[in-house]
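Listed below are the residues making up each chain.
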2 protein chains.
Amino acid sequence: MNPSIDKNRLFQSIEDLGGIGGYLDERTGLRGVNRLALTDADAEGRRYVVATMKSLGLDVTVDRIGNLFGRRAGRDAKLRPVMMGSHVDSVPTAGKFDGCLGVLGALEVVRTLDAAKVTTRRPIVVAAFTDEEGSRFGTDMVGSAVASGRLLLEQAYALRDRKGCVFRDELERIGFLGNAKVPIEPPHAYVECHIEQGPILRASGFDIGVVTSVQAISWREVTISGKSGHAGATPIGLRADAGLAASRLNVKLREMATSGRYGKEMRATMGAIAHEPGLVNIVPGRATLTVDLRNPDDAMMKKAEADLLATFDEISKSDHVEIAWRQTARTPVVPFHSKIQALVAEAAAVRGLRHEKIASGAGQDAQEFAPICPSGMVFIPGEYDGVSHNPREYSTPEQCANGINVLLDVALRLADEEGGP
Amino acid sequence: MNPSIDKNRLFQSIEDLGGIGGYLDERTGLRGVNRLALTDADAEGRRYVVATMKSLGLDVTVDRIGNLFGRRAGRDAKLRPVMMGSHVDSVPTAGKFDGCLGVLGALEVVRTLDAAKVTTRRPIVVAAFTDEEGSRFGTDMVGSAVASGRLLLEQAYALRDRKGCVFRDELERIGFLGNAKVPIEPPHAYVECHIEQGPILRASGFDIGVVTSVQAISWREVTISGKSGHAGATPIGLRADAGLAASRLNVKLREMATSGRYGKEMRATMGAIAHEPGLVNIVPGRATLTVDLRNPDDAMMKKAEADLLATFDEISKSDHVEIAWRQTARTPVVPFHSKIQALVAEAAAVRGLRHEKIASGAGQDAQEFAPICPSGMVFIPGEYDGVSHNPREYSTPEQCANGINVLLDVALRLADEEGGP
């Protein structure tokens, strides 16, 4: 039997990293985390990861998009490594678990192997990827997508935040513009442990989710142009209220999600909106907003997107506005490798953990590796309906330890695999 | 026959003041105006007004809320003055006419009386009131309401903008914290010329609006609290999307306005909204927004407000959110004095101008004087459906001159009235 990780040591590391960029949510009294990508808080979180890697004797490299890699030698240095990873950047209103569990859990796996004096055939690499969340620069999975070769380095460098700050400049400013080349050499395999960020495992009483795929994701930034005017003096019949058009769109998004026309798991969200000029007594002349669509079925997603564009046309006509949009993210359904799924299920079974197949509702760094090597994920349940991107996000020490023990088992199997470079 | 004002001189002064705080609207190529209250641009506009007053030999005073007064002596210094006025602050996306026409027109009246060597029995005062728009500190008519005694000076001083800047500090910072006492002594009468800010006069081919009243106005700041969560992983059935609740409210506001249940002239606007955290991939946990209701009938307004609160309750239940609100402005229908209405109609008739009774859709400084002295207003039409709070706002030199000639006639009649102090 493989060694088991130290539950309390793992959870303490989650607490420690969670104190970096921590803030008090005044409305709830909860402590949240804000380590938005390439901010000073993100840098402090990264330094925590690098320091831990070094304390474990890992060979640390930083690549040109700021991804952190800590390499543990295997018996054969010529073989491709098994990579475990995730991210430590966060949304501005985060909890302690999203991404961090995967990175800190991988480090805990290394610590456990060290204590048990286990040497693997292949090297093991712990990775922390840059800007998974996309909250600041509008594009998610930046680090893993550049590492895997889907996103060009120069495109990532040119991204700007709302204040006009340039991605590359910010990466340099925080001291994490590395020189290791991208795209990276494909690893032998990639495996990631993550919180589910949803209610399914918890509600069904399962300990481990065997992740089958990441659902299709489609993001749009939408600009609605109408005509501003005096809120008191402009008759209703003469208005072209861009804000009202946005509201109609939001109501329509919910109707789409609950209609059943795009399957049972269609999700649609208007996360952000701004009116211009945005004053109590002025009919909004312009509204800018985001639309986030998710679907575990590619064909259903395409149908939903086509209907969204038709809805834009309908609202343009009914509300006398112009609607322009640009796609800010689009990924199809990404299936995970059947071998990794089988290894996750087997490891859970051996450890007596109840496990179930599940699709990921969120986008994941692992999806970027699926095209270049066998990749997969381990999900664990979360309390409070699995709420995430919220200070209330919480998984128990036991739930976390279950996931990381499975991660360890899967990584060990992969790292001792025969064959191939 | 009274002298007539100089159309081109008046229009040039509108152009001159309109260049202060001017900006290029990049989407339309139009030049707009941004002289938000108590900003540096507002200060520069005020200095233009003070300099013009002084160049005309007016006795200039600034009161404790920053209102500017320029006094032209009458034959009897003991008599109460006739006051003409309006405002020179603006919304952030304004044209050149809103408010400015009333102030610059009153100055043009003085210039015309000077040129014609007319001395009136009563003094004439030209007034420019502080922060009529309410765009920055959330409360409109600040200067005229403090001058008339409806709003307490200390309440006005304590107002804060979104950045936390305090009204009194900003007034002092821009150099317009005067020492003349408030409330002011009620004038003999108050008369104001303003653009209609709506389409009615232009569409009907009238030159002059005889303003009968200002419609009732009700502003609320509304906070909707739901539950933030991951946009990909949170099932629709578990969401409490504060932004969606706001969208439903906005759609409902439009239904209220067009239902006919509150008369034909009900107006309802959601001018501003913000989501928290306001990110593409997070279900909004909180939405803050404004609601602006207008109605020319007090009973209809009360009915609409009661139904708005019932709508809050309905949406709270249907969308699993909490809705809190505070009233940021509330004025009943303000009728203008029948004598002033008659004088405006008579002056228009004598000058051969087509005139019509009209209710003001917008709030006005004149409404604050109605409770303390006979008050009234002259409206002129605007092009482009009378659009206002928009760089496209435009009235022709002829339209402006018509209004200011009527203003001159009415002011002269009032300034020569017998009786009273």
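Rules behind the numbers
- Residues numbered from 1 in each chain as written.
- Chains lettered and ligands numbered in written order.
- Predicted model: local features only at pLDDT ≥ 70, side-chain atom pairs only at ≥ 80, totals over all residues.
- Domains from an automatic or database assignment.
- Contact = placed C-beta atoms within 7 Å.
- Nonpolar A, V, L, I, M, F, W, Y, C, P; charged D, E, K, R; others polar.
- Axes fitted to C-alpha atoms, helices over the stretch in contact; angles between N-to-C directions.
- Helix = DSSP H or I, 4+ residues; strand = E, 2+ residues; numbered from the N terminus.
- Parallel < 35°, antiparallel > 145°, perpendicular 65-115°, else oblique.
- Left-handed = near helix turned anticlockwise from the far one by under 90°.
- Least-squares fit on C-alpha atoms with pLDDT ≥ 70 in both.
- Buried ≥ 20, exposed ≤ 12 C-beta atoms within 10 Å, placed from the backbone.
- Pairing = 2+ DSSP bridges.
- Expected span 1.5 Å × (residues − 1).
- Arc of directions from axis to C-beta.
- pLDDT = per-residue confidence, 0-100.
- Right-handed = clockwise from strand over helix to strand, strands pointing away.

Caption draft 1: How the structure looks around the domain arrangement of chain A. Residues and elements named next belong to chain A. Domain annotation for chain A reports domain 1 (7-215 + 333-415) and domain 2 (216-331). A separation of 33 Å is found between the C-alpha centroids of domain 1 and domain 2. Contact with domain 1, which involves 12 residues of that partner, is made by 10 residues of domain 2. Split by residue class, the side of domain 1 that touches domain 2 holds 3 nonpolar, 8 polar and 1 charged.

Caption draft 2: Expanded view of the packing of helix α3 (residues 100-115) of chain A against helix α12 (residues 397-415) of chain A. Residue and element names in this part refer to chain A. The N-to-C vectors of α3 and α12 enclose an angle of 60°; their axes lie 9 Å apart at closest approach. On the basis of the axis angle, α3 is oblique to α12. Remark: the crossing between α3 and α12 carries right-handed chirality. Residues L101, G105, A106, E108, V109 and T112 of α3 lie in contact with α12, whose contacting residues are C400, G403, I404, L407, L408 and A411. Within the contact of α3 with α12, the residues separate by chemical class into 8 nonpolar, 3 polar and 1 charged.

Caption draft 3: Geometry of the interface of chain A and chain B. Facing 58 residues of chain A, the contacting portion of chain B comprises 58 residues. Secondary structure elements with two or more residues in the side of chain A that touches chain B: β9 (216-225), β10 (229-230), α8 (242-258), β11 (267-269), β12 (273-276), β13 (282-283) and β14 (286-295) of chain A. With 9 residues, α8(A) is the largest single contributor of residues to the side of chain A that touches chain B. Residue composition of the side of chain A that touches chain B, by class: 24 nonpolar, 27 polar and 7 charged.

Caption draft 4: Main features of the packing of helix α1 (residues 7-18) of chain A against α3(A). Residue and element names in this part refer to chain A. The geometry of α1 relative to α3 is characterised by a closest axis approach of 10 Å and an angle of 135° between their N-to-C directions. By the criterion of interaxial angle, the relationship of α1 to α3 is oblique. Note on packing geometry: the crossing formed by α1 with α3 is right-handed. Between α1 and α3, the contacting residues are R9, L10, S13, I14, L17 and G18 on the first element and C100, L101, L104, G105 and E108 on the second. Partitioned by chemical class, the residues of the contact of α1 with α3 number 6 nonpolar, 3 polar and 2 charged.

Caption draft 5: Region of interest: the relation of the copies chain A and chain B. With an axial shift of 0.0 Å and an RMSD of 0.1 Å, the rotation relating chain A to chain B amounts to 180°. Read as a symmetry element, the transformation amounts to a two-fold axis. Scanning chain A for the C-alpha nearest the rotation axis identifies S247(A), at a separation of 2.1 Å. The share of interface residues of chain A whose copies in chain B are also at the interface is 98%, consistent with both copies meeting through the same surface.

Caption draft 6: Structural detail: unusual backbone geometry. Cis peptide bonds are those with omega within 30 degrees of zero, and the linkage from E276(A) to P277(A) qualifies with 0°. Turning to its location among the elements, P277(A) is positioned in the loop between β12 and β13. The linkage connecting V182(B) with the following residue, P183(B), adopts the cis geometry, with an omega of -10°. Looking at where P183(B) falls in the secondary structure, it is placed in the loop between α6 (167-173) and β7 (189-195). Residues other than glycine seldom take positive phi values, yet M141(A) does so here, at roughly 60°. Tracing the sequence through the fold places M141(A) in the loop between β6 (124-129) and α4 (142-148). One non-glycine residue, H320(B), adopts positive backbone phi at about 60°. Summarising the element assignment, H320(B) is placed in the loop between α9 (298-319) and β15 (322-331).

Caption draft 7: Structural context of the pairing of strand β4 (residues 68-72) of chain A. Residue and element names in this part refer to chain A. Judged by how many residues are buried, β4 sits mostly within the fold: 4 of 5 residues are covered. Examined bridge by bridge, strand β3 (residues 59-62) and β4 share 4 bridges and lie antiparallel to one another. The residue bridging D59 from the neighbouring strand is R71, located in β4. The hairpin formed by β3 and β4 contains 5 residues between the paired strands, and G66 there has a positive phi angle of roughly 90°. Taken together, the 5 bridges between β4 and β6 define a ladder with antiparallel strand orientation.

Caption draft 8: Here's a closer look at the environment of L408(B). Residues and elements named next belong to chain B. The topology assignment puts L408 in helix α13 (residues 397-415). It is 8.1 Å that separates the C-alpha atoms of L408 and I5, two residues lying 403 residues apart in sequence. What L408 contacts, discounting residues up to four positions off in sequence, is N2, I5, V109 and T112.

Caption draft 9: Broad picture of α1(A). All names here are of chain A. Taking 1.5 Å per residue, 12 residues should reach 16 Å; α1 reaches 16 Å between its end C-alpha atoms and fits that length. Within α1, burial applies to L10, F11, S13, I14, L17 and G18. Projected down its long axis, α1 carries its buried residues within an arc of 155°, all on one side. Within α1, the exposed residues directed more than 90 degrees away from the buried face are N8 and E15. Considering only its buried residues, α1 is in contact with β1 (22-24), β2 (31-33), α2 (40-55), α3 and α12.

Caption draft 10: Looking closely at the environment of F312(A). For F312(A), the location among the structural elements is in helix α9 (residues 298-319). A C-alpha to C-alpha distance of 9.4 Å links F312(A) and I224(A), two positions 88 residues apart in sequence.

Caption draft 11: Layout of the confidence of the model for chain A. When the pLDDT values of chain A are averaged, the result is 96; 100% of them are 70 or greater. Across the predicted assembly, pTM comes out at 0.84 and ipTM at 0.83.

Caption draft 12: Examining α9(B) more closely. Residue and element names in this part refer to chain B. Helix length check: α9 (22 residues) gives 31 Å between terminal C-alpha atoms against 32 Å at 1.5 Å per residue, within 8%. Turning to α9, its buried residues number three or more, namely M300, M301, A304, L308, F312, I315 and D319. One side of α9 holds all its buried residues, which, seen down the axis, span an arc of 130°. With respect to the buried face of α9, the exposed residues turned more than 90 degrees away are A299, A306, L309, A310, D313 and K317. Here the buried face of α9 lies against β9 (216-225), α8 (242-258), β14 (286-295) and β15. Phi turns positive one or two residues past the end of α9, at H320, with a value near 60°.

Caption draft 13: Structural view of the pairing of strand β5 (residues 82-87) of chain A. All names here are of chain A. Taken across its 6 residues, β5 has 6 buried, putting it largely inside the fold. Side chains V82, M84 and S86 of β5 all project onto a buried face; the interleaved residues M83, G85 and H87 project onto the opposite face, where all are buried too. Examined bridge by bridge, β5 and β6 share 6 bridges and lie parallel to one another. Across the sheet, the residue bridging to M83 is V125, located in β6. This β-α-β element, β5 to α3 to β6, shows right-handed connectivity. Here β5 runs beside strand β7 (residues 189-195); their pairing, made up of 3 bridges, is parallel. Looking at β7, one finds that M84 is bridged to V191.

Caption draft 14: Inspection of the environment of A116(B) at higher detail. Tracing the chain through its elements places A116(B) in the loop between α3 (100-115) and β6 (124-129). Residue A116(B) is classed as exposed on the basis of its C-beta count, with 11 C-beta atoms lying within 10 Å.

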